[in-house]
Structure formats: structure tokens, C-alpha cells
Amino acid sequence: LSWAEEADREGLYLSLHEVLSLAVLNNFDVQLNLYDRWIKDTDIDNARSIFDTVLTVEGDYEYDKSKKPSIIFGQSAHTGTANVTLEKKLVTGTDLLLSFENQRASSDSAFNILNPYYESAIEMKFTQPLLNNFFGMNDWGQVRITKIDVHNFNLETLDKIEKNLADVEKAYWDVVIAVGLVGVGKDMYQRALEFYEINKKKREIGTSELTDL
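Presented here is a report on the structure given in the accompanying data block. Note that the coordinates shown come from a computational prediction; the quantities given were computed from them, not determined experimentally. (Residues numbered from 1 in each chain as written. Predicted model: local features only at pLDDT ≥ 70, side-chain atom pairs only at ≥ 80, totals over all residues. Heavy atoms only, no water.)

Right, let's talk about the sheet that holds strand β1 (residues 54–65) for a bit. Within a sheet, each strand pairs with its neighbour through backbone hydrogen bonds, oriented either parallel or antiparallel. The antiparallel open sheet is built from four strands, whose spatial order is β1-β2-β3-β4. Each edge of the sheet is formed by a strand with only one pairing partner; in this case those strands are β1 and β4 (117–127). Between one strand and the next, the sheet's axes are offset by a mean angle of 10 degrees, whatever the strand orientation. Where strand β3 (residues 95–107) lies against β4, 11 bridges are found, and the strand directions are antiparallel. Across the sheet, Ala105 pairs through a bridge with Tyr117, a residue of β4. (Pairing = 2+ DSSP bridges. Helix = DSSP H or I, 4+ residues; strand = E, 2+ residues; numbered from the N terminus. Axes fitted to C-alpha atoms, helices over the stretch in contact; angles between N-to-C directions.)

Here it is in C-alpha cells:
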């Protein structure tokens, strides 16, 4: 038998804890609020990503082949570049830039003394704000504001989940009370039936009036 058929045939008895657990696992509103909470938590990582290290790699190759007015100018040229850049914002608000640039060029021109020709350069740059973002106050302030926003959102989400669970708990106790009232009604009916049978027998032997029955 399926779970529903077995429950319908034999009755299903659940404690309040089991009902609330089922609500957390299966209630659409509760699940939606939980997903919203998990998604909102990613805002903190997004705010902290301002301190991530960014690596940029660029490469370029150019091949030029064309007829020149004179052979001494060469007929072909090769140029290749490879650049690597590292960017990092420190917790002090300092912007750090480190770059490495490399170029290689060659041609069959008679004017080229160095062939192939190499050129490399390394650059390191520090930028430190002195007023607006001194010691990274704005950066960390934005992270703190994001944390507070996420915390408030989580509290609002928990309130919504608690309201949903409160509705489930209210429905549970409504069912418990209804079942209890059914039990009371059955007991009252049984007592009334016994009283009826007693008066019916008394009527048959003539010890009670028809109005009593």
C-alpha cells in the first residue's frame, strides 16, 4: 500500500515535532524563505570580493607580410606581446598593481640591428587614499553594512518561517481538539443510548411514562 492508502486505512498518528519537521521539509513557503536566506548570505562574499586578487593575462601576435617599395625594408614582420597584471586592494585601502610586459619583434628588414628584438618592463604601483578611504574605512564599512543587512534579512526570514510553523502548529492543535471533541461526543452518545435503553425497558414493564422514554 502507498503511504496515503495506509494512512487512510489505519490512521496516521504524528507528534507535533514530526508535523513541524514535515512542514520544514515540504512546505513551499518555508523552503522558499530558506532559499532566499541562502542567496542573501552570498552578499557578504560579494562585498568581501573587493579584496580579491585579480590576475589578468593578455597575449597578442601580429604577422605582417606585404610588398615594400624596396627589399631593404623587408617583406615580413612578426610582433608578439605577453602581459601579466596582478591587482590587489589591501585592507588598509591601498591599491596594489604589479604588471609585467614583454614584447618580441622580428623582421627581415635590413635596418633592424637587433633581430629579433626583445623588450620587457616591470611596473609596481601603490595608491593610498588619504581622505575618503583612509585605511580602508569605506571598504570595511561597506562590508559591515552588508553583514548588518544580511543579519536583518535573516531575522525577517526567520519571522516568516516561524509564522508558517505557527500556522501549522495551530492547525495541528485544531485537529487534536477536534479529535478530542469527537471522543467526547461519542461518550455522550453512548451514555444517552444506555439511558434510552434503560427507559425503554422501564416503559415495557410499565415503570416509566412514555414522556420519559
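Residues Leu16, Val19, Ala23, Val30, Leu34, Ile161, Leu165, Val168 and Tyr172 constitute the largest nonpolar core, which totals nine residues. Of all elements in the fold, only α2 (16–26), α3 (28–48) and α4 (137–205) reach the threshold of two or more residues within this core. Sort the elements by how many residues they give to this core and α4 lands first, with four residues. (Core = buried A, V, L, I, M, F, W, Y, C linked by side-chain atoms within 4.5 Å. Buried < 20%, exposed > 50% of the residue type's maximum accessible area, 1.4 Å probe, protein only.)

As for its placement among the helices and strands, Ser21 is situated in helix α2. According to the relative accessible area criterion, Ser21 is partly exposed, its value standing at 31%. Considering only alpha carbons, one finds Ser21 and Leu165, 144 residues apart in sequence, at a separation of 9.5 Å.

Using the criterion set out here, one finds seven salt bridges in the structure. Among the salt bridges present, the one from Asp139 reaches Lys89, with a minimum N-O distance of 3.7 Å. In this pair, Asp139 is assigned in helix α4 and Lys89 in strand β2 (residues 76–89), connecting sequence segments 50 residues apart. As far as burial versus exposure is concerned, Asp139 and Lys89 are alike and both buried. Between Asp174 and Lys170 there is a salt bridge, with its nearest N and O atoms 3.2 Å apart. (Salt bridge = Lys/Arg side-chain N within 4 Å of Asp/Glu carboxyl O.)

Let's shift gears to a negative patch on the surface. A cluster of acidic residues, Glu58, Glu101, Glu119 and Glu123, forms a negative patch at the surface. Relative to the elements of secondary structure, Glu119 occurs in strand β4. The partly exposed category is assigned to Glu119, whose relative accessible area is 40%. (Patch = residues over 30% accessible without salt bridge, like charges linked within 9 Å, V, L, I, M, F, W, Y side chains within 5 Å. Areas by Shrake-Rupley, 256 points an atom, 1.4 Å probe, with all protein chains shown as cover. Lys, Arg positive; Asp, Glu negative; His and termini not counted. Charge placed at Lys NZ, Arg CZ, Asp CG, Glu CD.)

Across the interface, α2 lies against α4 with an axial gap of 10 Å and an inter-helix angle of 140 degrees. Relative to α4, the element α2 lies oblique. The chirality of how α2 crosses α4 is right-handed. Contacts between α2 and α4 involve Leu16, Val19, Leu20, Ala23 and Val24 on the former and, on the latter, Leu165, Val168, Glu169, Tyr172 and Trp173. (Parallel < 35°, antiparallel > 145°, perpendicular 65-115°, else oblique. Left-handed = near helix turned anticlockwise from the far one by under 90°. Contact = heavy atoms within 4.5 Å.)

Within this structure, the stated rule accounts for three aromatic pairs. Judged by centre distance (4.9 Å) and plane angle (25 degrees), the ring pair of Phe51 and Trp140 falls under stacked. Taken together, the positions of Phe51 in the loop between α3 and β1 and Trp140 in helix α4 put the pair 89 residues apart, joining distant regions of the chain. Among the residues examined, Phe51 registers a relative accessible area of 9% and is labelled buried. Between Tyr172 and Trp173, the aromatic rings sit 5.2 Å apart at their centres with planes inclined by 80 degrees, giving edge-to-face as the arrangement. You can call Tyr172 buried: its relative accessible area is 18%. The ring of Phe153 is capped by Lys40, whose NZ or CZ atom sits 5.6 Å from the centre of that ring. (Phe/Tyr/Trp six-rings, centres within 6.5 Å; stacked < 30°, edge-to-face > 60°. Lys NZ or Arg CZ within 6 Å of the ring centre and 35° of its normal.)

Two elements in contact, α2 and α3, have axes whose closest approach is 6 Å; the angle formed by their N-to-C orientations is 60 degrees. It follows from the interaxial angle that α2 and α3 lie oblique. Within the contact between the two elements, α2 uses Ala23, Val24, Leu25 and Asn26 and α3 uses Phe28, Val30 and Gln31. Here the residues of the contact of α2 with α3 sort into five nonpolar, two polar and no charged. (Nonpolar A, V, L, I, M, F, W, Y, C, P; charged D, E, K, R; others polar.)

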